[in-house]
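# A look at the structure
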Amino acid sequence: MDFFNEKIRNYIASNLDLDNQFKYEKFMVGRSNITFKIFDNRNSYVLRRPPFGDKLESAHNMQREYRIISELSENNLKVPKPIFLCTDRTVSDDDFYIMEYCDGVIYWDPVASEVNTERRKGIFDQLNFGISALHAENYKELGLADFGKEGNYIERQISRWSKQYFDSETDVIDSMHKLIDWLPSKTPKQKYTTIVHGDYRLDNVVMTSDDKNMAMLDWELSTIGDPLADFGYHCLLWHIGNIDDDAAKKLGIHTEKEYLDLYLKRTKMELDSEWDFYIIFSLFKVAGICQGILGRVRDGTAASEFAIQMGKRAKMFADLGWEKAKKIS
């Protein structure tokens, strides 16, 4: 489906310093919302819009995304500068927004295999710094007091991703059903409330050429919630990638404990015995995300090979989560 018809081209060009015959390239790694680079011989921008076709309830909200990057940008946090949001139904059937194009480096491999071991620890330090700085911000002072509900973040997330799983279910994943039953009774009390990114990982951060954090991307799942759960999701790399202490040393990155301790030091937060739960919960969440992608493949709104492969990982993540849950039940 060609989104860039004449009406949309003229609208975009009239609001930007861009020729109406601008070119565009779709970023192929997006799991859900669609991201384009739009450009001519003078300037480049980024456009974000929802997936085509039917949408899951409460998902793909462009106005929420635009709002969070606007508030963070105004307060000098590292996000792309927002430019404009379109909600005009005479222009487009779906909301979309334009933000600046951050011309930096994105490491697509989860452990930055693109660079040597000497550079990797610095990259991971910057990655840790980014999420620590986000979680240290006072969301009320940023004007985001109503951006999400206070308290019960994990309970609400369990409900959300359970619903997405059932709405998108293709084949029954027994371990996912077991996690849906297991998680509510094991949920720890929420100690902290901050902005949470929801999908913070290396390929959602643009780095400068000298490996400094330039901009955090993809705020689709952001809300107000439990930062420790958000950080747990971020740390799935060590579990999905089977990165034990020896493997981390060989890669030149932090061990999981070193990385967690660095985050706790930077945020001044405390963690008791809940870490295993946060990892299990995060595996359940990513399984729900993958199943949602597979549901869109089934419905014909996510046809890329990447989407198919991501969707098929739902069972792997759910199985790993349930194996961990059985050990602490």
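Residues numbered from 1 in each chain as written. Predicted model: local features only at pLDDT ≥ 70, side-chain atom pairs only at ≥ 80, totals over all residues. Heavy atoms only, no water.

Attention now moves to the overall build of the protein chain. Along its length, the protein chain carries 12 helices and nine strands. Here the C-alpha atoms of the protein chain give a radius of gyration of 20 Å, agreeing with the 20 Å that 2.2 N^0.38 yields for 329 residues. For the protein chain, the spread of C-alpha atoms along the principal axes amounts to about 60 × 45 × 40 Å. Residues counted as buried form 54% of the 329 residues belonging to the protein chain. A total of about 15500 Å² of accessible surface is found on the protein chain, and carbon and sulfur atoms cover 47% of it. Each charge class in the protein chain was averaged separately, 44 positive and 53 negative side chains, and the resulting centres sit 2 Å apart. (Helix = DSSP H or I, 4+ residues; strand = E, 2+ residues; numbered from the N terminus. Rg over C-alpha atoms; globule rule 2.2 N^0.38 Å. Buried < 20%, exposed > 50% of the residue type's maximum accessible area, 1.4 Å probe, protein only. Areas by Shrake-Rupley, 256 points an atom, 1.4 Å probe, with all protein chains shown as cover. Lys, Arg positive; Asp, Glu negative; His and termini not counted. Charge placed at Lys NZ, Arg CZ, Asp CG, Glu CD.)

Below, the discussion takes up the packing of helix H3 (residues 117-136) against helix H9 (residues 256-267). A pair of packed helices is captured by two measures, namely the crossing angle of their axes and the spacing between those axes. Here H3 crosses H9 at 40°, and the two axes come no closer than 9 Å. Between H3 and H9, the angle falls in the class oblique. The element H3 and its partner H9 pack so that their crossing is right-handed. Mapping the contact onto sequence places Lys-121, Phe-124, Asp-125, Leu-127, Asn-128, Phe-129, Ile-131, Ser-132 and His-135 in H3 and Glu-258, Tyr-259, Leu-262, Tyr-263, Arg-266 and Thr-267 in H9. Here the contact of H3 with H9 is composed, by residue class, of seven nonpolar, four polar and four charged. (Axes fitted to C-alpha atoms, helices over the stretch in contact; angles between N-to-C directions. Parallel < 35°, antiparallel > 145°, perpendicular 65-115°, else oblique. Left-handed = near helix turned anticlockwise from the far one by under 90°. Contact = heavy atoms within 4.5 Å. Nonpolar A, V, L, I, M, F, W, Y, C, P; charged D, E, K, R; others polar.)

Let us look at the pairing of strand E8 (residues 213-216). Looking along a regular strand, one sees the side chains alternate between the two faces of the sheet. Note: strand E7 (residues 205-207) against E8, three bridges, orientation antiparallel. Residue pairing across strands places Val-206 opposite Ala-215, the latter belonging to E8. Between E7 and the antiparallel strand that follows it, E8, lie five residues; Asp-211 among them carries a positive phi value of about 65°. (Pairing = 2+ DSSP bridges.)

What follows is about the nonpolar core. By size, the foremost hydrophobic cluster in this structure holds 80 residues, and its most contacted members are Leu-72, Leu-183, Ile-195 and Phe-284. Looking at which element gives the most residues to this core, the answer is helix H10 (residues 275-299), with 13 residues. Beyond its immediate sequence surroundings of up to four residues, Leu-183 is in contact with Ile-158, Phe-277, Ile-280, Phe-281 and Phe-284. (Core = buried A, V, L, I, M, F, W, Y, C linked by side-chain atoms within 4.5 Å.)

Turning our eyes to something else, we now look at the sheet that holds strand E2 (residues 34-39). The antiparallel open sheet is built from five strands, whose spatial order is E1-E2-E3-E5-E4. Because the sheet does not close on itself, it has two edges, and the strands there are strand E1 (23-26) and strand E4 (82-86). Direction aside, the axes of adjacent strands within the sheet are offset by 25° on average. Examined bridge by bridge, E2 and strand E3 (residues 44-49) share six bridges and lie antiparallel to one another. Of the residues in E3, the one forming a bridge with Phe-39 is Ser-44. Here helix H1 (residues 6-15) sits on the sheet and contacts E1, E2, E3, E4 and strand E5 (96-100); the angle it forms with E4, its principal contact strand, is near 145°. Across the sheet, helix H2 (residues 62-74) is in contact with E3, E4 and E5; its angle to E4 comes to roughly 155°.

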